[in-house]
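Listed below, chain by chain, are the residues.
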Amino acid sequence: MAEVAPAPATAPAKAPKKKSASKSKKSGPSVSDLILKTVSASKERKGVSLAALKKALAAGGYDVEKNNSRVKLALKSLVQKGTLMQTKGVGASGSFKLNKKGESKEPQASAEGEGCRWVSICPIARTI
């Protein structure tokens with residue numbers, strides 16, 4: 001008789017992987033908070049440059065060379081949120097200063113009624 005190949009052995013059941021110990025967050029302030037403190041402490045009229053910002057963070061004990069990408073991402077996100085305003089440059093390069101809350105880029109509709117929808121409907125609204 002011809003030898004019959006044994007049935008392939010089933011793979012042994014894999015034990016569920018243990019989750020590694022979750023890393024606890026560092027207790028210090030976030031990069032965004034450090035950047036905001038540095039920019040707000042600056043008295044420069046045109047804002048703080050990226051190089052000056054990195055020097056100030058390094059003087060405060062933050063390892064800028066190791067976390068360079070975090071600094072750039074934090075700057076970009078702060079500019080996108082509107083917390084910081086970029087006075088020069090593009091992206092994470094250039095100069096940054098705090099954005100004034102009341103300042104907005106879009107011009108608001110005038111109070112004379114040009115943008116009012118009632119002007120076309122009500123003739124009294126035109127005279128007021």
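Details of the structure are given in the entry above.
Here is a short report on the structure shown in this document. If you're wondering where the values come from, they're calculated on a predicted model, not measured in any experiment.

1. As for the pairing of strand β2 (residues 84-88)
Here's step 1: Here β2 pairs with strand β3 (residues 95-98) via four bridges, running antiparallel. Note that in β3 the partner of K88 across the bridge is S95.
Here's step 2: Counting the residues that bridge the hairpin from β2 to β3 gives six residues, and of these G89 lies at a positive phi of roughly 85°.

2. Quick look at the packing of helix α1 (residues 31-41) against helix α2 (residues 50-59)
Here's step 1: In the contact formed by α1 and α2, the axes pass within 10 Å of each other and the chain directions differ by 110°. Put simply, α1 runs roughly perpendicular to α2. Judged by the sense of rotation from one axis to the other, the crossing of α1 with α2 is right-handed. In this structure, α1 uses L34, I35, T38 and V39 to contact α2, whose residues at the interface are L53, A56 and L57.
Here's step 2: The residue makeup of the contact of α1 with α2, split by class, is six nonpolar, one polar and no charged.

3. Notes on the sheet that holds β2
Here's step 1: Reading across from one edge, β1-β3-β2 is the order of the three strands in this open sheet, with antiparallel pairing throughout. Looking at which strands have only one partner, the edges of the open sheet turn out to be β1 (48-49) and β2.
Here's step 2: This element, α1, spans β1, β2 and β3 of the sheet and lies at about 85° to β3.
Here's step 3: Its contacts with the sheet place helix α3 (residues 68-81) against β2 and β3, and it is angled at close to 105° to β2.

4. Overview of the pairing of β3
Here's step 1: Bridging between β1 and β3 involves two bridges; their strand directions are antiparallel. Its bridge partner being in β3, V48 is matched across the sheet by F96.

5. Some remarks on the environment of S69
Here's step 1: Tracing the chain through its elements places S69 in helix α3.
Here's step 2: Given the relative accessible area of 49%, S69 is considered partly exposed.
Here's step 3: Between the alpha carbons of S69 and A92 there is a distance of 9.8 Å; along the sequence they are 23 residues apart.

6. What about the side chain of T38?
Here's step 1: Relative to the assigned elements, T38 resides in helix α1.
Here's step 2: Residues in contact with T38, not counting those within four places in the same chain, are L53, A56 and L57.

7. Describing α3
Here's step 1: Between its first and last C-alpha, α3 extends 20 Å over 14 residues, near the 20 Å set by a 1.5 Å rise per residue.
Here's step 2: When we look at burial in α3, the residues that qualify are V71, A74, L75 and L78. For α3, the angular spread of the buried residues around the axis is 100°, confining them to a single face. In α3, the exposed positions angled more than 90 degrees off the buried face are occupied by L73 and Q80.
Here's step 3: Those residues of α3 that are buried lie in contact with α1, α2, β2 and β3.
Here's step 4: One or two residues past the end of α3 sits G82, with phi positive at roughly 100°.

8. A word on α2
Here's step 1: Along α2, the residues that are buried comprise L50, L53 and L57. For α2, the angular spread of the buried residues around the axis is 60°, confining them to a single face. Those residues of α2 that are exposed and aimed more than 90 degrees away from the buried face are K55 and A59.
Here's step 2: Where α2 is buried, its residues touch α1, β1 and α3.
Here's step 3: Taken from the residues just after α2, G61 is the one with a positive phi, measuring 100°.

Rules and cut-offs
- Residues numbered from 1 in each chain as written.
- Predicted model: local features only at pLDDT ≥ 70, side-chain atom pairs only at ≥ 80, totals over all residues.
- Heavy atoms only, no water.
- Pairing = 2+ DSSP bridges.
- Helix = DSSP H or I, 4+ residues; strand = E, 2+ residues; numbered from the N terminus.
- Axes fitted to C-alpha atoms, helices over the stretch in contact; angles between N-to-C directions.
- Parallel < 35°, antiparallel > 145°, perpendicular 65-115°, else oblique.
- Left-handed = near helix turned anticlockwise from the far one by under 90°.
- Contact = heavy atoms within 4.5 Å.
- Nonpolar A, V, L, I, M, F, W, Y, C, P; charged D, E, K, R; others polar.
- Buried < 20%, exposed > 50% of the residue type's maximum accessible area, 1.4 Å probe, protein only.
- Expected span 1.5 Å × (residues − 1).
- Arc of directions from axis to C-beta.

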